[in-house]
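Residues per chain are reported as follows:
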Amino acid sequence: MKTNYAFITEDLKKQVEAFEYGNTTREAGRIVACGDGVITIEGLVDVKNGELIYITGGKYALAMNLEVNSVGAILLTETRNLAEGDLAFCTGKIVSVPVGNQVLGRVLNPIGVVLDGGKELDSSCSRRVEAPAPSIFERSKVNEPLYTGIKAIDSMIPIGKGQRELIIGDRQTGKTAIAVDTILNQKGKDVICVYVAIGQKIASVNTVIHTLKQHGALEHTVIVSSTASESAPLQYLAPYTGTAIAEEFMHQGKDVLIIYDDLSKHAVAYRAISLLLKRPSGREAYPGDIFYIHSRLLERSAKLSESLGGGSLTALPIIETLAGDISAYIPTNVISITDGQIYLESELFHGGMRPAINVGLSVSRVGGSAQCKAMKAVSGKVRLDLAHYREMAQFSRFGADLDTATKATLGKGARLTESMKQKQCSPEKLSSMIIDLFVTGNDLIREVAVADVNPFLAEFYAYVCKNAPDLISHIERTGTFSKEDETTVGGLLAGFKKIRVNA
């Protein structure tokens, strides 16, 4: 077969003749100042706020300040080999990160670079880190529970899918432990988790990753890490990156849980950026829009309407207080944005109460709407009983003679308080919490010593699982606990007590 060279030659000739010569122009700026991750650029007239800027040498920055003759930007890459006079170009793009199933089980930095040593991610499937929050019409009512596996929270401070519940307390009071236990409890429940570490020590982040891996929870979790050794711009960007990753799953109709650990350090990082950009400072040297950066972040958490797939994004932001002062600037800001708070107290923590939750100051504004019928039935009086016990306990310190009713109240309250203690990394099943609360709430184990309450409850639950597995599966499946179920548990408790006495 002979090749038609004449045809090919003619075709090439037409292509050459059709080629249009022309010059292309591209706006360029020049760096005039650089320091601490913040740069000043002159010459970028058409740059927009939040736009990604390319700097020669493969570096990127984010436009933050638009002034008359210059642009203030924060660097998203390292500052090495960066000098005054380097050229900068507008990209017309907003910062995006890889999203989708490819990020599950991975550890990323705020610009989507893999930190776990695995293969790089496909950047073609990406999402902008900044996005508008769902409108009122795009949301639906928060009425489906998201169980933490922590008895004190699920019974008295319930969290619903789509809620924003603040975890607040001094350092070293177990805030991260509650967040990690909540992630562990989502294993096998079709809930995807995103853990955002902001300004944490590298050792602390490694401990969290090791814990999740050890309990098989890393498979449904994404870690976005910007440690204390990272620059302030990356720490500022981290929660928005985590939210973008979570939103992708939410818009697929899935339930997502996101942890921000913690927003206090995020506020400090933004304050550092703002001061370097020479923005006017306000209370405690924070810029005037410090409330806005957290509100626009947390408002993206929602329960979407059925027409949008019915997905949800539940946020558990963490705030660190100083000497228990919840009336400070950043804590009050975030408290006003969120739908409730779980307050952890140092005195309770050091007194052996783990988790160290102050039930009096903790609240969930969703309340019973995010509880199943079984939990509502058995936990209705728990908060009142504990409050009554604390009030009685204060008077009993004076050593006055106590009547029989007061002694009974103190005994019941002590056993109920003891039952709320829980070891770390051991979230409880719904059926276990329901049975424990039924037994302790109705004071059916008044003969058991306070120190023996938790071992007794653990042994009794194992006994119920062995002798009434249908009851356990019924509670887990339906979330109900009828009068007949109460009678069944009462009968099993009587039989268990006889076995213990005979043993």
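Residues numbered from 1 in each chain as written. Predicted model: local features only at pLDDT ≥ 70, side-chain atom pairs only at ≥ 80, totals over all residues. Heavy atoms only, no water.

K.L.:
How do you make sense of the sheet that holds strand S11 (residues 191–198) when you look at a structure like this?
P.N.:
Either a parallel or an antiparallel arrangement is found when strands of a sheet pair, and the pairing is made through backbone hydrogen bonds. The mixed open sheet is built from eight strands, whose spatial order is S8-S12-S11-S13-S14-S10-S15-S16. Because the sheet does not close on itself, it has two edges, and the strands there are strand S8 (107–108) and strand S16 (363–364). Two elements, S11 and strand S12 (residues 221–226), share six bridges in a ladder whose sense is parallel. Of the residues in S12, the one forming a bridge with Cys193 is Thr221. Where helix H3 (residues 175–185) meets the sheet, it contacts strand S10 (166–169), S11, S12, strand S13 (255–261), strand S14 (312–320) and strand S15 (340–344), and its direction lies at approximately 160 degrees from that of S14. The strands that helix H6 (residues 263–276) touches are S11, S13 and S14; relative to S14, the one it contacts most, it runs at about 75 degrees. (Pairing = 2+ DSSP bridges. Helix = DSSP H or I, 4+ residues; strand = E, 2+ residues; numbered from the N terminus. Contact = heavy atoms within 4.5 Å. Axes fitted to C-alpha atoms, helices over the stretch in contact; angles between N-to-C directions.)

K.L.:
Mind showing me how you'd approach the packing of helix H7 (residues 290–298) against helix H8 (residues 329–337) here?
P.N.:
When two helices pack together, their arrangement is given by the angle between the helix axes and by the axis-to-axis distance. Closest axis-to-axis distance for the H7/H8 pair is 10 Å, and the angle between their directions is 35 degrees. For the crossing formed where H7 meets H8, the hand is right-handed. Two secondary-structure elements touch here, H7 through Ile290, Phe291, His294, Ser295 and Leu298 and H8 through Tyr329, Ile330, Asn333, Val334, Ser336 and Ile337. Split by residue class, the contact of H7 with H8 holds seven nonpolar, four polar and no charged. (Left-handed = near helix turned anticlockwise from the far one by under 90°. Nonpolar A, V, L, I, M, F, W, Y, C, P; charged D, E, K, R; others polar.)

K.L.:
How should I be thinking about the pairing of S13 in this particular structure?
P.N.:
Remember that side chains alternate between the two faces of the sheet whenever the strand is regular. Most of S13 sits inside the fold, with seven of its seven residues counted as buried. In S13, alternate side chains face the same way, and those of Asp255, Leu257, Ile259 and Asp261 on one face and Val256, Ile258 and Tyr260 on the other are all buried. The pairing of S11 with S13 spans seven bridges and is parallel. Bridging from a neighbouring strand, Val196 pairs with Tyr260 of S13. Relative to S14, S13 runs parallel, the two being bridged by six bridges. Across the sheet, Val256 pairs through a bridge with Leu313, a residue of S14. (Buried < 20%, exposed > 50% of the residue type's maximum accessible area, 1.4 Å probe, protein only.)

K.L.:
Which parts of the structure should I look at to understand the side chain of Ser379?
P.N.:
Position of Ser379 relative to the elements: it lies in helix H10 (residues 373–379). A relative accessible area of 7% means that Ser379 is categorised as buried. Here the side chain of Ser379 touches Met375 through a polar contact of 2.5 Å, landing on its backbone oxygen. When residues no more than four places from it in sequence are discounted, the contact partners of Ser379 are Ser155, Gln371 and Leu437. (Polar contact = N/O pair within 3.5 Å; in protein donor to acceptor, adjacent residues only side chain to side chain.)

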